[in-house]
Structure formats: structure tokens, C-alpha cells
Amino acid sequence: MGDGTTSVIILAGEVLAAVESFLERDIHPTVIVNAYFKGLDDVVEMTKTMGKRIDMENDDDMRKIVQSSIGTKFASKWGQLIVDLAVKAVRIVYRKEGDNVEIDTKRYAKVEKIPGGMLEDCKVLDGVMFNKDVCHPGMRRMIKNPRVVLLDCVLEYKKGESMTNMEFTKEDDFKKALAMEEIEVKRMCEYILRVKPDVVITEKGVSDLALHHLLTKGNCSVFRRLRKTDNNRVARATGATIVNRPEEI
């Protein structure tokens, strides 16, 4: 038996066929259902004597279970490959704190599809992968053991929430307004550079001025417009906390 889709249907059909004669004799369906429940109790008792304990920490035992559920479908062509990927992925997202066990494959295990290659090239990475490039060609691409800052805010000049109008009377006023915007962006960058990060990741936009400042003053590699789900995964992998305002870092 595999994962039992076909077997369950055949078995259920046989069990229903066995009571057809009782229905013809006008025995009420509730009586028949009660009999099924009695049968269920007997089956549960039998399985206790026939069953075999599984060691959840043992990979070989886990592979046998996974093999029986996905080994009968199209995946059986690739033998152990898909089974090993599945077991390894669950092991990586498995977290145990005290008596609480968390296995959140929906949020923390992600399938990244890349065109080309063979199915045998699939692998489970212990870490986070996102299909983004650094925001500036001069930024470092290979950093070992980096300090990571995760943000959920824009690193560019924000306009006010309410409608704001500026009135310029002299031509210098426009320059002053631009200078004030620059000072505001630089101040944000200073807050970030205080903690000396190697990588800065934000879910929103980053202005060119902020990129320039972070690169020249702190040699940071910056990623912008990352998905919320990916940012949560990076937070899980690095142990970092996502910050909403640069001054709170």
C-alpha cells in the first residue's frame, strides 16, 4: 500500500457492501452506524498489538513513512531523492523549545523555482535564498559572518501624511529644501551605520543618496523591496529583529 487513496476507496466500498442486506431488511441506518463504531473500537485495539513504535529523531524511520506516502506517485521515478529532500527540509524548520514543538513548513520552508537544470539538481539549503541583486554594483557580494539589519521602512525622503505645500520666494529656497531632504536621509543612514552592519535589507524603497551614503561610509550591501515573507525567513535564520524605524535600532 502507498498513501492509500485507492485502497481507502475500495475498502470503504466493501464495508458498505457488507451492510446492504441489513438496509434491505429495514434496519435503521443509525443502528448500522453504531455497529461501525463498535468495529472501529476493535480495530483500534488490534492496531495497538500490530503497530510498531517510530523514533521521530531517527531519519531512517522517517524516510520509510515519507516513502510510503509519496513513493507511489510520479516521484517514485526518482527514488530516494524527493524523500530525502522532504525529510531534510522538515528537519531544518523543526524547532523545539521546552515542550513546545514548531514545524512551520508553510512560513519557513520555501520552494524557489529556477528555470533550467535537471530534477537531480534540487537541493535543500540551510539558510535563506531570495532572487535579488545588491542595489549598487560597488557593493560586496560575498560576506562571511555578516552583521545584518532588517528594516520595514523606507530609506528615502518621506512626504508628510497630510497635504503639504511649500512656498518659495527666493531661488535659494529651493536649494535649501533639497538640502533639508538630504540631511533627513543622511540622518536615517547615520542611525543605521551606528551599529556597523554589513548587510541592510528593507521591504520598502531606498533612495540613491541613501545607497551612496551606506556604501561610502559603511561599506554596506543593501537589498530593497524584499517580500515580507522572505524578510521573516531572514529574521528566523539570523536571529535578527525587523525594525520599523531606523532610530530604534
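Above this text is the structure in question.
Keep in mind the model is a prediction, meaning the values are calculated, not measured.

Novice: Teacher, can you tell me more about the sheet that holds strand E3 (residues 148–151) here?
Specialist: Sheet strands associate in pairs through backbone hydrogen bonding, adopting either a parallel or an antiparallel arrangement. The strand order across the open sheet formed by four strands is E5-E4-E3-E6, and the pairing between neighbours is parallel. Each edge of the sheet is formed by a strand with only one pairing partner; in this case those strands are strand E5 (221–223) and strand E6 (242–243). Alignment of E3 against E6, held across two bridges, turns out to be parallel. Opposite Leu-150, over in E6, you have Ile-242 as the bridge partner.

Novice: Quick question: what am I supposed to make of the nonpolar core here?
Specialist: Side chains of nonpolar character tend, in soluble globular proteins, to be buried together. Counting 29 residues, the largest nonpolar core has Leu-151, Leu-155, Val-200, Ile-201, Leu-214 and Val-222 as the members making the most contacts within it. Secondary-structure elements contributing two or more residues to this core are E3, helix H7 (171–193), strand E4 (199–202), helix H8 (208–218), E5 and helix H9 (228–238). Ranked by residues supplied to this core, first place goes to H7 with five residues.

Novice: Can you help me understand helix H4 (residues 59–70) in this one?
Specialist: In an α-helix, one turn spans 3.6 residues, which is why side chains three or four residues apart end up on the same side. Compared with an ideal rise of 1.5 Å per residue, which puts 12 residues at 16 Å, H4 spans 16 Å between its outermost C-alpha atoms and is within 8% of the ideal. By the burial criterion, the buried members of H4 are Asp-61, Met-62 and Val-66. One face of H4 carries all of its buried residues, which in axial projection span an arc of 130°. Where the residues of H4 are buried, they touch helix H5 (80–93).

Novice: Explanation requested: the packing of aromatic side chains in the structure shown.
Specialist: Geometry of an aromatic ring pair is reported as the spacing of the ring centres plus the angle between the planes. This model, assessed by the stated rule, comprises two aromatic pairs. Look at Phe-130 and Phe-223: their rings are 5.3 Å apart centre to centre, the planes differ by 85°, and that puts the pair in the edge-to-face class. Linking Phe-130 in the loop between helix H6 (105–108) and E3 with Phe-223 in strand E5, this pair joins segments that are 93 residues apart in sequence. For the pair Phe-130 and Phe-223, a shared accessibility class is recorded, and that class is buried.

Novice: Could you clarify how one ought to interpret the pattern of salt bridges in this entry?
Specialist: Oppositely charged side chains are able to pair whenever their charged atoms sit close together. In total, this model carries 18 salt bridges according to the counting rule given. We note a salt bridge from Arg-233 to Asp-230, for which the minimum N-O separation is 3.0 Å. Here Arg-233 pairs with Asp-230, and both are found in helix H9, just three residues apart, close to one helical turn. Considered together, Arg-233 and Asp-230 belong to a single accessibility category, that of buried residues. Members of the salt-bridge network, linked through shared partners, are Lys-110, Glu-112, Arg-227, Asp-230 and Arg-233.

Novice: How do you make sense of unusual backbone geometry when you look at a structure like this?
Specialist: Comment: phi is negative for the bulk of residues other than glycine, and the bulk of peptide bonds are trans. Notably, Asp-26 is not glycine yet its phi reads approximately 60°, a positive angle. With respect to the helices and strands, Asp-26 occurs in the loop between helix H2 (20–24) and helix H3 (29–50). Taking the relative accessible area as the measure of exposure, Asp-26 reaches 70% and is therefore exposed.

Novice: Just to check I follow, could you spell out a nonpolar patch on the surface for this structure?
Specialist: Together, Leu-11, Val-15, Leu-16, Val-33, Tyr-36, Phe-37, Leu-40 and Val-44 make up a nonpolar patch on the protein surface, roughly 710 Å² of accessible area in all. Contributing elements (two or more residues each) for the nonpolar patch: helix H1 (5–18) and H3. A per-element tally of the nonpolar patch places H3 first, with five residues. Within the fold, Leu-40 resides in helix H3. Judged by its relative accessible area of 45%, Leu-40 falls in the partly exposed class.

Procedures and definitions
Throughout this document, residue positions are counted from 1 along each chain, in the order its sequence is written. Where totals are concerned, whole chains, interfaces and linings use all residues; where local detail is concerned, this predicted model gives features only for residues with pLDDT of at least 70, and gives and counts side-chain atom pairs only at 80 or more. Side-chain measures were taken over the full set of non-hydrogen atoms in the model, leaving aside hydrogen atoms and water. Two strands are said to pair when DSSP picks up at least two bridges between them. In this text, helices come from DSSP runs of H or I with a minimum length of four residues, and strands from runs of E with a minimum of two, each type numbered from the N-terminal end. The nonpolar core is taken to be a set of buried Ala, Val, Leu, Ile, Met, Phe, Trp, Tyr and Cys residues, with the residues joined through side-chain atoms within 4.5 Å. When a residue's accessible area, from a 1.4 Å probe over protein chains only, is under 20% of the maximum for its type it is buried; when over 50% it is exposed; and in between it is partly exposed. Here the expected length of a helix is defined as 1.5 Å per residue gap, with one fewer gap than residues. What the arc describes is the spread of directions from the helix axis to the C-beta atoms. Contacts are assigned to residue pairs with any non-hydrogen atoms lying within 4.5 Å of each other. Pairing of aromatic rings covers Phe, Tyr and Trp, the last through its six-membered ring, and needs centres within 6.5 Å; plane angles under 30 degrees mean stacked, over 60 mean edge-to-face, and all others mean tilted. Counted as salt bridges are all cases of a side-chain nitrogen of Lys or Arg within 4 Å of a carboxyl oxygen of Asp or Glu. Patch membership is restricted to residues that have no salt bridge and whose relative accessible area is over 30%. Joining uses 9 Å for like charges and 5 Å for the nonpolar side chains Val, Leu, Ile, Met, Phe, Trp and Tyr. What sets the accessible areas is the Shrake-Rupley method with a 1.4 Å probe; for residues, cover comes only from the shown protein chains.

These values are about where atoms sit, not about what they do.
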